[in-house]
Amino acid sequence: MFDHKIYEENLKSKVFGRSFKYFKKIKSTNDEAKNNLNAVHGHLIFTNNQTDGKGRRNNKWFSLPNKSLTFSIMLNKNEIINKDILPLLTSVAIVKAIKKKININCKIKWPNDIMLNDKKIGGVLIESKSNYYIVGIGLNINHRENEFNGDISKIASSIYIHTKTKLKLEKLLANIVNEFELTIKKDKKNILEFWLDKCNHLNKSIKFHRKGKLVSGKFMGINKNGEALIKMNKKIINISSGAIYT
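Just so we're clear, the structure is a prediction, and the values are computed from it rather than from any experiment. (Residues numbered from 1 in each chain as written. Predicted model: local features only at pLDDT ≥ 70, side-chain atom pairs only at ≥ 80, totals over all residues. Heavy atoms only, no water.)

**Q** Now, about the pairing of strand β8 (residues 205-210): what can you tell me, with residues and values included?
**A** Of the pairings in the sheet, the one linking β8 to strand β9 (residues 213-222) comprises six bridges and is antiparallel in character. Bridged to S205 within β9 is K218. Adjacent in sequence and paired antiparallel, β8 and β9 are bridged by two residues, among which K211 carries a positive phi angle near 55°. (Pairing = 2+ DSSP bridges. Helix = DSSP H or I, 4+ residues; strand = E, 2+ residues; numbered from the N terminus.)

**Q** Describe in detail the sheet that holds strand β7 (residues 132-140), supporting the description with residues and values.
**A** The seven strands lie next to each other as β1-β2-β3-β7-β6-β5-β4, forming an open sheet whose pairing is mixed. Strands with a single pairing partner mark the edges of an open sheet, and in this sheet they are β1 (20-23) and β4 (107-109). Here the average twist between neighbouring strands, direction ignored, is 20°. When strand β3 (residues 68-76) meets β7, the two strands line up antiparallel, connected through nine bridges. The residue bridging S68 from the neighbouring strand is N140, located in β7. Across the face of the sheet, helix α6 (residues 169-183) comes into contact with β1, β2 (43-47), β3 and β7 while running at roughly 30° to β3. (Axes fitted to C-alpha atoms, helices over the stretch in contact; angles between N-to-C directions. Contact = heavy atoms within 4.5 Å.)

**Q** Describe the sheet that holds strand β12 (residues 244-245), with residues and values.
**A** Spatially, β11-β10-β9-β8-β12 is the arrangement adopted by the five strands of the open sheet, whose pairing is antiparallel. Every interior strand has two partners, whereas the edge strands, β11 (235-239) and β12, have only one.

**Q** Give a description of the layout of surface pockets that names residues and reports values.
**A** The computed volume of the second largest pocket comes to approximately 310 Å³. Along its surface, the second largest pocket is lined by 16 residues, and P87, W110, P111, S240 and S241 are the ones closest to its centre. Looking at the lining of the second largest pocket, the elements that each hand over two or more residues are α3 (86-102) and β6 (119-129). Across the lining of the second largest pocket, the residue classes tally to seven nonpolar, six polar and three charged. (1 Å grid on protein atoms, 1.4 Å probe; cavity = no way out; pocket = protein on both sides within 12 Å on 5 of 7 lines; lining within 4 Å. Points joined across faces, edges and corners; volume = space filled by probe spheres on them. Nonpolar A, V, L, I, M, F, W, Y, C, P; charged D, E, K, R; others polar.)

**Q** Could you give an account of the side chain of N49, with specific residues and numbers?
**A** Of note, N49 is situated in the loop between β2 and β3. Taking relative accessible area as the criterion, N49 reaches 19% and is therefore assigned buried. (Buried < 20%, exposed > 50% of the residue type's maximum accessible area, 1.4 Å probe, protein only.)

**Q** So what about α3? Which residues, and what values?
**A** Taking 1.5 Å as the rise per residue, α3 with 17 residues should run 24 Å; its terminal C-alpha atoms sit 24 Å apart, in good agreement. Among the 17 residues that make up α3, 12 are buried, leaving the element largely enclosed by the rest of the structure. Buried within α3 we find L86, L88, L89, T90, S91, V92, A93, I94, V95, K96, A97 and I98. One or two steps after α3, the chain reaches N103, where phi turns positive at roughly 60°. (Expected span 1.5 Å × (residues − 1).)

**Q** Can you tell me about the environment of T163, naming the residues and giving the values?
**A** Here T163 shows up in helix α5 (residues 159-163). Once the C-alpha coordinates of T163 and I104 are considered, the two residues, 59 residues apart in sequence, prove to be 8.8 Å apart. Not counting residues up to four positions away in its chain, the partners in contact with T163 are I102 and I104. At 3.1 Å, the side chain of T163 forms a polar contact with the backbone nitrogen of T165. (Polar contact = N/O pair within 3.5 Å; in protein donor to acceptor, adjacent residues only side chain to side chain.)

**Q** Tell me about the packing of α3 against α6, and name the residues and values.
**A** One way to put it is that α3 packs onto α6 with a least axis distance of 8 Å and a crossing angle of 130°. As summarised for this structure, α3 and α6 are arranged oblique, according to the angle between their axes. Considering the relative orientation of α3 and α6, their crossing is right-handed. In this structure, α3 uses L86, L89, T90, V92, A93, I94, K96, A97, I98, K100, K101 and I102 to contact α6, whose residues at the interface are K171, L172, N175, I176, E179, F180 and T183. Of the residues belonging to the contact of α3 with α6, the class tally is 11 nonpolar, three polar and five charged. (Parallel < 35°, antiparallel > 145°, perpendicular 65-115°, else oblique. Left-handed = near helix turned anticlockwise from the far one by under 90°.)

Set out below in structure tokens:
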């Protein structure tokens, strides 16, 4: 169950997360948000058990009941700045919150995968519906190593695996919401500089899909719009969407 008292004691935001809906079990917090398009700015939807979560590129997001943070925040498009770098901004807020709360230095894989010891512990899916951006966040918190099935164990991890300490989901959720509200108001240059400092693969060889083929390049950074700058055949190209592989 969700302890509202712990959440409220740790929530310092003025708007984000103040309007709140909890579900013991739900297919997808993002899908629920799409059915609630009269919500106030900053409305948060949280569940202890997301059964059909989605990742970017139509991937399925694996989560465990009562061990994952799975939630969505609804943002009115007219109320936010830096909307063009919202995916990067969100990952910056998550990394900052984890550092403040647990003193762990997570990294980011372009554009917004949360990495720990070169394994993925979280991701962000941002969808647009009517006058809202729906920011879906999934984080592996209290998973043990034997709870990742098959090939997932090779690429995924959790905070517990790193710290061996079980965390209160309500506390970390509140801290992420707090940091998100602060970060979304920051200067764009400040956000992009922080993102670049936390990049997991800066100046490293990566692979990505281009014109239907998997090609290689060197990740050189990001531009002012958050697009990836990749060096290929002595030229720098920009990519604005898709996945990269390290």
